[in-house]
Amino acid sequence: MAEKYTKIKKIYEGKAKKLYTLKGKPGVLLQEFKDDATAFNAKKKGTILNKGIINCGLTTYIFTFLKKRGVKNHLVKQISPNEQIVKRLKIIPIEVVVRNIAAGSLLKKTNLKEGQQLSKPIVEFYYKDDAKDDPMINDSHALAMKLANEKELNTLRQTASKINSILKPFFLKRGLRLVDFKLEFGKDNKGTILLGDEITPDTCRLWDKKTNKKLDKDRFRFDLGGVNEAYAEVRKRIIGK
Ligand code: UDP
């Protein structure tokens, strides 16, 4: 018989997802993906057709692939087109960004031009705090705020680099350049650090390998048009439908 999942309580609702506790299952949560989209710290709002289903499917596919390559993550299983069962984690309030090609906020901080290949990937930490606009921080700031200890910061950096070295060729094989992306991590009840959250066109910049056409949330952020089509195209190239 198929396992039953009864939602008890919504414990989190963010820009793109909701999290629920489940009856009789204290170690896991139900993660629901929404069609809602926000940008610029929720100053811009909208919806993207089928985004919940597309992003849930993509995250399941990519997290399953990463697990096979030895990257521990929170995914247990997908139970409907836009719902997953995930291990309950204590989220570390640090967003880890990895960059291969200059784009986005890097252009404001440096003299690099959009599209410039970086000689070596850049890994950055941001303090996850909407009220402060998620500022970029270094290790000393993270340690001062006790967001993580030194060993944990190194684990975040090394795991993010490993994920990048797995996903760069993964996307390229599917005709997509992985420009940059954001990861979130959390600790399970044993204190082990696992990858959480999502990996989707909401959290990655993906450019077509041949034309450099943007196939990600930048189409929504900057009103470039063809938003729904871009998400559907990424799904087609990765999941094949
Ligand atoms: N990103 C994200 N959530 C955030 C901030 C950034 O998913 O709150 C992703 C973003 O989609 C891009 C990468 O992280 O793929 C780097 O983003 P950047 O620092 O350039 O910021 P942006 O200009 O996109 O806000």
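Overview of the structure. Here the structure is a predicted model, which means the values were calculated and not measured. (Residues numbered from 1 in each chain as written. Predicted model: local features only at pLDDT ≥ 70, side-chain atom pairs only at ≥ 80, totals over all residues. Heavy atoms only, no water.)

1. Details of the site of the ligand
Note the threshold: When at least one non-hydrogen atom of a residue lies within 4 Å of a molecule or strand, that residue is treated as near it. N or O atoms closer than or at 3.5 Å make up a polar contact, with two conditions inside protein: a donor-capable atom paired with an acceptor-capable one, and, for residues adjacent in sequence, both atoms drawn from side chains. Reported accessibility uses the Shrake-Rupley method at a 1.4 Å probe radius. Residues are deemed covered only where the shown protein chains occlude them.
Within the structure, the ligand sits among 15 residues, and Arg-99, Ser-105, Asp-180, Arg-205 and Arg-221 are positioned closest to it. The separation between an oxygen atom of the ligand and a polar side-chain atom of Arg-99 is 2.7 Å. Note that an oxygen atom of the ligand is positioned 2.6 Å from one of the side-chain N or O atoms of Ser-105. Coverage of the ligand by the protein chains reaches 78% of its 500 Å² of free accessible surface.

2. A short note on the packing of aromatic side chains
For the record, the criterion: By convention, a stacked pair of Phe, Tyr or Trp rings (six-membered ring in the case of Trp) has centres within 6.5 Å and planes under 30 degrees apart, an edge-to-face pair has planes over 60 apart, and any other such pair is tilted. Only protein chains enter the calculation, and the probe is 1.4 Å; a residue is then buried if its accessible area is under 20% of its type maximum, exposed if over 50%, and partly exposed in between.
Here the structure, examined in full by the defined rule, presents four aromatic pairs. Look at Phe-170 and Phe-171: their rings are 5.2 Å apart centre to centre, the planes differ by 85°, and that puts the pair in the edge-to-face class. Phe-170 gets classed as buried once you look at its relative accessible area, which sits at 2%. For Phe-171, a relative accessible area of 2% puts it in the buried group. Through a chain of ring-to-ring contacts, three or more aromatic side chains come together here, namely Tyr-61, Phe-65, Phe-170 and Phe-171.

3. Here's the deal with helix α6 (residues 227-239)
The condition that has to hold: Counting from the N terminus, the helices are DSSP H or I runs at least four residues long and the strands are E runs at least two residues long. Given the number of residues in a helix, its expected span is that number minus one, multiplied by 1.5 Å. Each direction from the helix axis to a C-beta atom contributes to the arc, which is the arc of those directions. Contacts between residues were defined by any pair of non-hydrogen atoms, one from each residue, lying within 4.5 Å.
An ideal rise of 1.5 Å per residue puts 18 Å on 13 residues; α6 measures up with 18 Å between its terminal C-alpha atoms. Residues of α6 that are buried include every one of Val-227, Ala-230, Tyr-231, Val-234 and Ile-238, and no others. One face of α6 carries all of its buried residues, which in axial projection span an arc of 95°. For α6, exposure combined with an orientation more than 90 degrees from the buried face picks out Glu-229 and Lys-236. Summarising the contacts, the buried residues of α6 are in contact with α1 (51-68), α4 (150-173), β12 (176-183), β15 (204-208) and α5 (218-221). Count one or two residues on from α6 and you reach Gly-240, which has phi positive near 90°.

4. Comments concerning the state of the cysteines
To keep it simple, the criterion reads: Defined by distance alone, a disulfide is two cysteine sulfur atoms within 2.5 Å.
Counted under the stated rule, the structure contains zero disulfides. Of all cysteine sulfurs in the structure, the one in Cys-204 sits closest to Cys-56, which takes part in no disulfide; the separation is 15 Å. For Cys-56, a relative accessible area of 0% puts it in the buried group. On the basis of relative accessible area, Cys-204 is assigned to the buried category, the value being 5%.

5. Observations regarding the packing of α1 against α4
A pair of packed helices can be characterised by two numbers: the angle between their axes and the separation between those axes. Quick note on the threshold: Note on method: axes are straight lines fitted to C-alpha atoms, helices fitted across the in-contact stretch only, with angles between N-to-C directions ranging 0 to 180 degrees. Angle categories are assigned with fixed cut-offs, so that under 35 degrees is roughly parallel, over 145 is roughly antiparallel, 65 to 115 is roughly perpendicular, and the rest are oblique. Crossing chirality is assigned from the near helix's rotation relative to the far helix, an anticlockwise turn below a right angle marking it left-handed and a clockwise turn marking it right-handed. Three residue categories are used. Nonpolar comprises Ala, Val, Leu, Ile, Met, Phe, Trp, Tyr, Cys and Pro, charged comprises Asp, Glu, Lys and Arg, and polar comprises the others, including Gly.
Packing of α1 against α4 brings their axes to within 11 Å, and their N-to-C directions diverge by 125°. Classified by the angle their axes make, α1 and α4 are oblique. α1 and α4 meet at a crossing whose hand is right-handed. Where α1 approaches α4, its residues Tyr-61, Ile-62, Phe-65 and Leu-66 are matched on the opposing element by Ile-163, Ile-166, Leu-167, Phe-170 and Phe-171. Looking at side-chain class alone, the contact of α1 with α4 contains nine nonpolar, no polar and no charged residues.

6. Brief notes about the environment of Leu-49
On the secondary structure map, Leu-49 appears in the loop between β5 (44-47) and α1. In this structure the C-alpha to C-alpha distance between Leu-49 and Leu-183, which are 134 residues apart in sequence, comes to 24 Å. In contact with Leu-49, other than residues within four places in its own chain, are Ile-54 and Asn-228.

7. Digging into the sheet that holds strand β10 (residues 117-127)
Short version of the rule: Two strands are counted as paired when DSSP detects at least two bridges linking them.
Here five strands make up an open sheet; going across it, the order is β11-β10-β9-β12-β15 and the pairing antiparallel. Edge positions in the open sheet fall to β11 (136-137) and β15, since each of these has one partner strand only. Of the strand pairs in this sheet, β10 and β11 are connected by two bridges, and their pairing is antiparallel. Paired with Tyr-126 across the strands is Met-136, a residue of β11. Here α4 sits on the sheet and contacts β9 (94-101), β10, β12 and β15; the angle it forms with β12, its principal contact strand, is near 155°.

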